[in-house]
Amino acid sequence: MPELPEVETTKRGIEPHITNKRVKEVIIRQKRLRWDVPNSLSAGLTGHSITTVNRRGKYLLLESTKGTLLIHLGMSGSLRIVNSELVADKHDHVDIVFDNGKALRFTDPRRFGCLLWEQDTIESHPLLANLGPEPLSEDFDSSYLYKVSRGRSAAIKTFVMNSKVVVGVGNIYAAEALFMAGINPKRAAGKVSKATYEKLIPCIKEILQNAINLGGTTLRDFTNSSGEPGYFKQSLNVYGRGGEECVQCKRLLTEIRLGQRSTVYCKNCQK
DNA sequence: ACTTCGACCTGTTGGC
DNA sequence: TGCCAACAGGTCGAAG
């Protein structure tokens, strides 16, 4: 489900509702996720307050004075602010209940997401330690991408979706950025010129920033923490449009699979 | 060191 | 209408 814009949208939605709020109780209804929700989460958070909400790639980091709650939404995860009395549904895994009667509710039908509790320094957590730069930061530029791509045979789309290269670029926005930049997603990353990376970088940044501004992309079920959809779907030029007309040249868009992910592009506009 | 692929899950969709 | 295969916003970890 969520790529960086959807995670950022979620972060902005929950942040004002949970910052400096004391946790009354942690209810773990269904601990089975990618990794089991640890029992230490309840003991660690109860009675303490969330001090800061950070995002690193697609991970949300809810920091308290006692430790950090690390959350990943996987493919189908979401976080909402609800009244704590609201009856839980089938796939509602965890409630972080606050003193004011509100709760942060984590829902995830496919269970590819995770909630982990980390007492020590969060930066050194194995899931975070090897992540690449943030795509919207200055560290992510054409020199960097050119340098790390040398000798790599992977398709450029697969390459930019690799979180060790850059975080947060998933299947939707990789396809959209490559279309905007006019680059064929199949091209070997290691053979792409510096000049072409100079074209690609601002496209990735612009696509992600636009999507954040519009509250993310709602395909089937993504909503923000208040239950509203994102409006970036209407800006999609290639994702999910295989066989339809290219918005630029009107030829039919090609759909292939790259790295087990469906990939749509225009053979005419993307070289 | 890098690439590929299976695995993890449930829900929805499209073809017959 | 029903059934079933294919597919879905991610990514870890094993195997090559």
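Just so you know, these numbers come straight off a predicted model, no measurement behind them.

Q: So what's going on with the nonpolar core? Which residues, and what values?
A: Of all hydrophobic cores here, the largest spans 28 residues; its most connected members are Leu145, Ile156, Val160, Tyr197, Leu200 and Ile204. Where this core is concerned, the elements lending two or more residues are helix H4 (142–149), helix H5 (156–160), helix H6 (171–181) and helix H7 (194–213). Residues contacting Val160, with those up to four places away along its chain left out, are Val166, Val169, Ala174, Leu200 and Ile204.

Q: Help me get a handle on the sheet that holds strand S5 (residues 78–83), residues and values and all.
A: What the four strands build is an open sheet, ordered S1-S6-S7-S5; its pairing is antiparallel. In the strand order of this sheet, the two ends are held by strand S1 (23–28) and S5, each with one partner. Ignoring which end each strand starts from, the neighbouring axes of this sheet average 20 degrees apart. On the sheet, helix H1 (residues 4–18) packs against S5, strand S6 (92–98) and strand S7 (102–107) and is oriented at approximately 35 degrees with respect to S5.

Q: I'd like to hear about H4, residue by residue, with values.
A: Looking at H4, one finds that the buried residues are Ser142, Tyr144, Leu145 and Ser149. Across the axial projection of H4, the buried residues extend over an arc of 160 degrees, all falling on one side. For H4, the side-chain oxygen to backbone nitrogen distance between the N-cap and Ser143 is 3.3 Å, and the N-cap itself is Asp141. Immediately downstream of H4, the backbone of Gly151 shows phi near 80 degrees, a positive value.

Q: Talk me through the side chain of Glu6; I want residue IDs and the actual numbers.
A: Its location among the elements puts Glu6 in helix H1. Comment: no salt bridge for buried Glu6; closest opposite-charge side chain is Lys58, at 7.8 Å. At 2.5 Å, the side chain of Glu6 and the side chain of Tyr173 are in polar contact.

Q: I'd love a proper account of the protein's contact with DNA strand B, names of residues and values included.
A: Surveying the vicinity of DNA strand B reveals the residues Arg32, Lys90, His91, Pro109, Arg110, Arg111, Phe112, Arg152, Ser153, Ala154 and Gln260. The sugar-phosphate portion of DNA strand B accounts for 59% of its atoms within 4 Å of the protein, the bases making up the rest. Take Arg152: an N or O atom from its side chain is 2.9 Å from a phosphate oxygen of DNA strand B. Of the residues contributing to the surface near DNA strand B, the split by class is three nonpolar, three polar and five charged.

So, how was this worked out
- Residues numbered from 1 in each chain as written.
- Chains lettered and ligands numbered in written order.
- Predicted model: local features only at pLDDT ≥ 70, side-chain atom pairs only at ≥ 80, totals over all residues.
- Heavy atoms only, no water.
- Core = buried A, V, L, I, M, F, W, Y, C linked by side-chain atoms within 4.5 Å.
- Buried < 20%, exposed > 50% of the residue type's maximum accessible area, 1.4 Å probe, protein only.
- Helix = DSSP H or I, 4+ residues; strand = E, 2+ residues; numbered from the N terminus.
- Contact = heavy atoms within 4.5 Å.
- Pairing = 2+ DSSP bridges.
- Axes fitted to C-alpha atoms, helices over the stretch in contact; angles between N-to-C directions.
- Arc of directions from axis to C-beta.
- Polar contact = N/O pair within 3.5 Å; in protein donor to acceptor, adjacent residues only side chain to side chain.
- Lys, Arg positive; Asp, Glu negative; His and termini not counted.
- Salt bridge = Lys/Arg side-chain N within 4 Å of Asp/Glu carboxyl O.
- Near = heavy atom within 4 Å.
- Nonpolar A, V, L, I, M, F, W, Y, C, P; charged D, E, K, R; others polar.

Shape is all these values report; function is a separate question.
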